[in-house]
Amino acid sequence: MTDVTDGVLHTLFHSEQGGHEQVVLCQDRATGLKAVIAIHSTALGPALGGTRFYPYATEEEAVADALNLARGMSYKNAMAGLDHGGGKAVIIGDPERDKTEELLLAYGRFVASLGGRYVTACDVGTYVADMDVVARECPWTTGRSPENGGAGDSSVLTAYGVYQGMRASAQHLWGDPSLRGRRVGIAGVGKVGHHLVEHLVAEGAEVFVTDVREDAVRRITERHEGVTAVADTEALIRIEGLDVYAPCALGGALSDDSVPVLTARVVCGAANNQLAHPGVEKDLADRGILYAPDYVVNAGGVIQVADELHGFDFERCKAKAAGIYETTLAIFARAKADGIPPAAAADRIAEQRMHEAAAARRAG
């Protein structure tokens, strides 16, 4: 048995990060498809989560990411009040080089083979046009274009939800939800980040941005003269007087290296799995930094794609995403009452909902 398999089995069956119901390894040699579909929980309903297309260094890294992301989706969907469990898929490869129509169709057939236990959508490296292709083989596909019966780009409501989380954080910490005059640093101004910039600029925040892609930064600074470009994330998190740090790229942004030098009073961003490892949430709390749990504030997108399954209505979705403000405040209140970090409070609330749903299913 290979080390990769040993690591997967240990994570699934012996670690606190495991407990997944199902993990499917998918391969189609004709198209070059190598993918992992992870279903963490269906206690609340069919697992729902996006498809990430990314050039992982190893297959083990890809499997680990799928497991972590699927688990996060269970908690995200529970906190968003959706009747969906958590799942996630990753396709191993460079989307710029390896993505083809034939590969996406092959992937769609694998998702379809699960018979609706997993509903897919867009994620890093996949877009609305890709979901339109996947949907040709799989009815359990969301994030499609309006022309193909879908809701279109979910990053619009993802950014709106993060913005509501920021407002709740400001209310909790400073007694005022307004972000006018606040210094906000955004790491990653891609699909979600550039929409978040729009909300903040409209409210009068002082915005700083960075991204590994120069064109993404240039698009922002050309549109908004008042937005300041920063060389990299290392410089961004050290900006003097920063009020809010918004990680909006890949996960692991809050680590043993970044937390000690972070100047912001609030962390609230769109990236998934921002905490590099368990215990970082306590490090943030010990430094007096308020952390808005990522899977709570970035749930606007999943609210949108879930609604697509029932006949999409943007205003209905936006109203539900606006509720992220009150949900975030409730988490901060629970954290204060229980004497625990907000991330732990959010986990408790989500786990309670999943536990009650599973108990009701067994009783029924």
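Parameters and conventions
- Every chain is numbered on its own, with residues counted from 1 as its sequence reads.
- This being a predicted model, a pLDDT of at least 70 is required before a residue's local features are given, and a value of 80 or more before pairs of side-chain atoms are given or counted; all residues contribute to the totals for chains, interfaces and linings.
- Side-chain measures here rest on the full set of heavy atoms in the structure, leaving out hydrogens and waters.
- Helix and strand definitions follow DSSP, with helices as H or I runs of at least four residues and strands as E runs of at least two, each counted in order from the N terminus.
- Only protein chains enter the accessibility calculation, which uses a 1.4 Å probe; a residue is then buried when its area is under 20% of its type maximum, exposed when over 50%, and partly exposed in between.
- Should any heavy atoms of two residues lie within 4.5 Å, those residues are considered in contact.
- Any two of the Phe, Tyr and Trp rings considered here, Trp counted by its six-membered ring, make a pair once their centres fall within 6.5 Å; the pair's planes then place it as stacked at under 30 degrees, edge-to-face at over 60, or tilted in between.
- Charge-over-ring contacts are defined here by two conditions on Lys NZ or Arg CZ: a distance within 6 Å of the ring centre and an angle within 35 degrees of the ring normal.
- Pairing between two strands requires that DSSP report at least two bridges joining them.

## Quick word on the environment of Arg218
With respect to the element layout, Arg218 can be found in helix α8 (residues 214-223). Along the sequence, Arg218 and Ala229 sit 11 residues apart, while their C-alpha atoms lie 8.4 Å from each other.

## Examining the environment of Phe314
Looking at where Phe314 falls in the secondary structure, it is placed in helix α13 (residues 314-322). A residue is classified by how much of its surface remains accessible, and Phe314, at 33% relative accessible area, is partly exposed. C-alpha of Phe314 to C-alpha of Ala151: the two residues are 163 residues apart in sequence and 7.9 Å apart in space. Once residues lying within four places of it in the same chain are set aside, the contact partners of Phe314 are Val156 and Leu157.

## Quick notes on the packing of aromatic side chains
Inspection of every chain in the model, using the stated rule, returns 3 aromatic pairs. Geometrically, the ring pair formed by Tyr75 and Tyr295 is edge-to-face, given 5.8 Å between the ring centres and 65° between the ring planes. Separated by 220 residues along the polypeptide, Tyr75 in helix α2 (residues 59-79) and Tyr295 in helix α11 (residues 294-297) bring together distant segments of the chain. Classification of Tyr75 as buried rests on a relative accessible area of 6%. Taking 6.4 Å as the distance between ring centres and 70° as the angle between the ring planes, the aromatic pair formed by Phe312 and Phe314 counts as edge-to-face. Here the basic side chain of Arg182 rests over the ring of Trp174, its NZ or CZ set 3.8 Å away from the ring centre. A cation sits over an aromatic face here: Lys191 above Tyr127, 4.6 Å from the ring centre.

## Looking at the sheet that holds strand β7 (residues 183-187)
Taken in spatial order, the 6 strands make up an open sheet running β9-β8-β7-β10-β11-β12, and their pairing is parallel. Looking at the sheet topology across the chains shown, the edges are occupied by β9 (228-229) and β12 (290-291). Relative to strand β8 (residues 206-210), β7 is paired through 5 bridges, and the arrangement is parallel. Following the sheet pairing, Val184 is matched in β8 by Val207.

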